[in-house]
Amino acid sequence: MASLNVGNLGEYLREQRRSAQLSLRQLADAAGVSNPYLSQIERGLRKPSADILQQLAKALRISAETLYVQAGMLDERGRDELETRAVILADPSINERQKQVLLQIYESFRKENALDTESAESTEGTESTDGTGTAERTAGADAAAAGGFEDTVADGPTAGGSAATPPAKPSH
């Protein structure tokens, strides 16, 4: 296992705690750790276990994997995906249901793109994309199943529409 990068982890935790507008004591209480222990983690004096990082992530409403990467416990290969998820989960301007729908849409796009890449590699250019907006339909179906775009994405496409085509505006 990689050595823990505790200094950067502590700085990152402090930054996340402050952006969540939590005091050290509030985060410690929410994560179920002692105030002095959390302070030592933030100052880079302690190396928290994966379980403690998971508790802190839950209390901060961020991905535990993001903290594992910061601590040097996980490889950085999936870091961009983890950071995207963490940003979505930390956004205070959307509710929990909207966050989950957005994560489902994000995941459907990632899966669609991975399938497209695999297909392109296996056929080596014998097929072209059909331009039917499969990813948009997949995302729309996922969002519709989770409650629809209307409540999820303000001024965005409706569940029956396409992400690439805005709804028609009434003429006056």
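Residues numbered from 1 in each chain as written. Predicted model: local features only at pLDDT ≥ 70, side-chain atom pairs only at ≥ 80, totals over all residues. Heavy atoms only, no water.

Participant: Teacher, can you tell me more about the nonpolar core here?
Facilitator: Within soluble globular proteins, side chains that are nonpolar generally end up buried alongside one another. Leu13, Val33, Leu56 and Leu67 are the most contacted members of the largest nonpolar core, which totals 20 residues. Looking at this core, the elements with two or more residues in it are α1 (6-19), α2 (24-31), α3 (35-42), α4 (50-60) and α5 (64-71). Residue contributions to this core peak at five residues, all from α4. Residues within four places of Leu56 in sequence aside, it is in contact with Leu13, Leu27, Ala31, Leu38, Ile41 and Leu67. (Core = buried A, V, L, I, M, F, W, Y, C linked by side-chain atoms within 4.5 Å. Buried < 20%, exposed > 50% of the residue type's maximum accessible area, 1.4 Å probe, protein only. Helix = DSSP H or I, 4+ residues; strand = E, 2+ residues; numbered from the N terminus. Contact = heavy atoms within 4.5 Å.)

Participant: Can you walk me through α4 in this structure?
Facilitator: An α-helical turn contains 3.6 residues, so a residue and the one three or four places further along point in the same direction. Three or more residues of α4 are buried, namely Ile52, Leu53, Leu56, Ala57 and Leu60. On an axial view of α4, the arc spanned by its buried residues comes to 140°, and they lie on one face. Residues of α4 that are exposed and point more than 90 degrees away from the buried face comprise Asp51 and Lys58. Backbone geometry just after α4 places Arg61 at a positive phi near 60°. (Arc of directions from axis to C-beta.)

Participant: Help me out: how do you make sense of unusual backbone geometry in this one?
Facilitator: Glycine aside, negative phi is the norm for most residues, and most peptide bonds take the trans geometry. For Gln21, which is not glycine, the phi torsion reads 55° and is therefore positive. One can find Gln21 in the loop between α1 and α2. Even without being glycine, Arg61 reaches a positive phi, approximately 60°. Here Arg61 shows up in the loop between α4 and α5.

Participant: Can you walk me through the environment of Gln54 in this structure?
Facilitator: Note that Gln54 resides in helix α4. Separated by ten residues in the primary sequence, Gln54 and Ala64 place their C-alpha atoms 5.0 Å from one another. Residues in contact with Gln54, not counting those within four places in the same chain, are Ala64 and Tyr68.

Participant: Would you mind going over the confidence of the model for the protein chain with me for this structure?
Facilitator: When pLDDT is averaged along the protein chain, the result is 75; 64% of the residues meet or exceed 70. Highest mean pLDDT in the protein chain belongs to α2 (96); lowest belongs to helix α9 (residues 149-152) (45). Counting interchain partners and residues more than four positions distant, the pLDDT-below-50 stretch residues 133-139 has 14 contacts. Every residue in residues 143-166 scores below 50 in pLDDT, and together they form 28 contacts with partners more than four places removed in sequence or on other chains. (pLDDT = per-residue confidence, 0-100.)

Participant: Can you help me understand the layout of surface pockets in this one?
Facilitator: With a probe scaled to a water molecule rolled over the atoms, the places where space remains empty come into view. One number sums up the size of the second largest pocket: a volume of about 260 Å³. Together, 16 residues line the second largest pocket, and Ala20, Leu60, Arg61, Ala90 and Pro92 are the ones closest to its centre. If you list the elements that add at least two residues to the lining of the second largest pocket, you get α1, α4, α6 (79-90) and α7 (96-123). Here the lining of the second largest pocket is built from residues that sort into nine nonpolar, three polar and four charged. (1 Å grid on protein atoms, 1.4 Å probe; cavity = no way out; pocket = protein on both sides within 12 Å on 5 of 7 lines; lining within 4 Å. Points joined across faces, edges and corners; volume = space filled by probe spheres on them. Nonpolar A, V, L, I, M, F, W, Y, C, P; charged D, E, K, R; others polar.)

Participant: Which parts of the structure should I look at to understand the side chain of Ser63?
Facilitator: Note on placement: Ser63 falls in the loop between α4 and α5. Engagement of the side chain of Ser63 in a polar contact is seen with the side chain of Glu65, the distance being 2.9 Å. Apart from the residues within four sequence positions on either side, Ser63 is in contact with Ala57, Leu82 and Ala86. (Polar contact = N/O pair within 3.5 Å; in protein donor to acceptor, adjacent residues only side chain to side chain.)

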